[in-house]
Amino acid sequence: MTHYMSVHTQKFLNKNFTLIIYFFSLACSLLTLYYARKYSLLPRPVQGTDQLGMLEAAAHMARGKLPDAGYMYSYSYTLFLYILHLLAQSSLIIMRVMQASICALIPVFIYKVCLRLRFGTSCAQLSSLLYCFYGPSLLISLSFLRAAPLALCFIIAVGSLTKAFTEKNSIQYFKAGLWMSMCILGRENFIPVAAAPALMLLYPSIRTHVKKSYFVSYVAGISALVIPVIIYNAIMFGSISLVPGHWHNVM
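Asks: Would you explain the nonpolar core in this entry?
Replies: Buried together is how nonpolar side chains tend to be arranged in soluble globular proteins. Residues Leu 81, Met 95 and Tyr 218 are the most contacted members of the largest nonpolar core, which totals 34 residues. Elements supplying a minimum of two residues to this core: α3 (50-62), α4 (75-88), α5 (92-103), α9 (147-167), α10 (170-186), α11 (190-195) and α13 (212-237). Discounting residues that sit within four places of it in the chain, Leu 81 has contacts with Met 54, Leu 55, Ala 58, Met 95, Gln 99 and Phe 144. In this structure, Ala 104, Ile 106, Val 113 and Ile 156 belong to the second largest nonpolar core, which totals 18 residues.

Listed below in structure tokens is the structure:
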């Protein structure tokens, strides 16, 4: 009987693990937020911080004013905050909860990527579970910083790229490029990261499984979001860049 229950429990866990780990991760974040607010932590960002600058830009966008040429923060994350601002009716607590709800997907995709890489179910589950206990990730997912949403975009991009390679699927390569473009728009340092997979083509055993059309699909996915932003900046601010005036800081 005990063995039967153990096997039944394991099957239930494996079948529903994505939902279980998502709600467990979200519960960890909400519990962190509860105690942070209880002890007067995580207040409204103070003057001079990046968080306040992006929050104010998001609020200005809600009133129809787009960032000007002097705005040196992530366009994609600012747009993300703008959407949260509208949905939460400017409530910072609700915005934190909504961001945490989205970032709680990170361990879900860690689990999926580990399975895709054939690490085994137990290792995949343990990897995603360990992430839930990483304190900085919990705090960052509740703060108005781009790191956690970018981590989600990146792990999805990795998952899509891995799936594209194993299934030999051009659509998945394009999706991987789209997610990587969101990483680039979030932080320009991702440009070399986006190009890094091309190094695998140096290995003949890898190169034989990658058609030119796959490479084109991946680049097209990246260009689909990056190129319009560059064109916008060139027209509006006379700067062919992702964030006008920010290249020196990036370097």
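Asks: Help me out: how do you make sense of empty space enclosed by the protein in this one?
Replies: Empty space among the atoms can be located by rolling a probe the size of a water molecule over them. If you walk through the whole model with that rule in mind, you get 1 cavity of 30 Å³ or more. In this structure, the largest cavity encloses a volume near 60 Å³. In terms of lining, the largest cavity is formed by Ser 25, Ser 29, Ala 100, Cys 103, Ala 104, Ile 106, Tyr 131, Ser 137, Leu 138 and Ser 141. Elements with a contribution of two residues or more to the lining of the largest cavity: α2 (17-38), α5 and α8 (135-142). The element best represented in the lining of the largest cavity is α8, accounting for 3 residues. Partitioned by chemical class, the residues of the lining of the largest cavity number 6 nonpolar, 4 polar and no charged.

Asks: Looking at this structure, I do not really get the packing of helix α6 (residues 106-116) against helix α7 (residues 121-132). What am I missing?
Replies: When two helices pack together, their arrangement is given by the angle between the helix axes and by the axis-to-axis distance. Between α6 and α7, whose axes approach to 8 Å, the crossing angle comes to 155 degrees. Our classification of the angle between α6 and α7 gives roughly antiparallel. Two packed elements cross with a definite hand, and for α6 against α7 that hand is right-handed. From α6, Ile 106, Pro 107, Ile 110, Tyr 111, Cys 114 and Leu 115 reach across to α7, where they touch Thr 121, Ala 124, Gln 125, Ser 127, Ser 128, Tyr 131 and Cys 132. Partitioning the contact of α6 with α7 into residue classes produces 9 nonpolar, 4 polar and no charged.

What counts and how
- Residues numbered from 1 in each chain as written.
- Predicted model: local features only at pLDDT ≥ 70, side-chain atom pairs only at ≥ 80, totals over all residues.
- Heavy atoms only, no water.
- Core = buried A, V, L, I, M, F, W, Y, C linked by side-chain atoms within 4.5 Å.
- Buried < 20%, exposed > 50% of the residue type's maximum accessible area, 1.4 Å probe, protein only.
- Helix = DSSP H or I, 4+ residues; strand = E, 2+ residues; numbered from the N terminus.
- Contact = heavy atoms within 4.5 Å.
- 1 Å grid on protein atoms, 1.4 Å probe; cavity = no way out; pocket = protein on both sides within 12 Å on 5 of 7 lines; lining within 4 Å.
- Points joined across faces, edges and corners; volume = space filled by probe spheres on them.
- Nonpolar A, V, L, I, M, F, W, Y, C, P; charged D, E, K, R; others polar.
- Axes fitted to C-alpha atoms, helices over the stretch in contact; angles between N-to-C directions.
- Parallel < 35°, antiparallel > 145°, perpendicular 65-115°, else oblique.
- Left-handed = near helix turned anticlockwise from the far one by under 90°.

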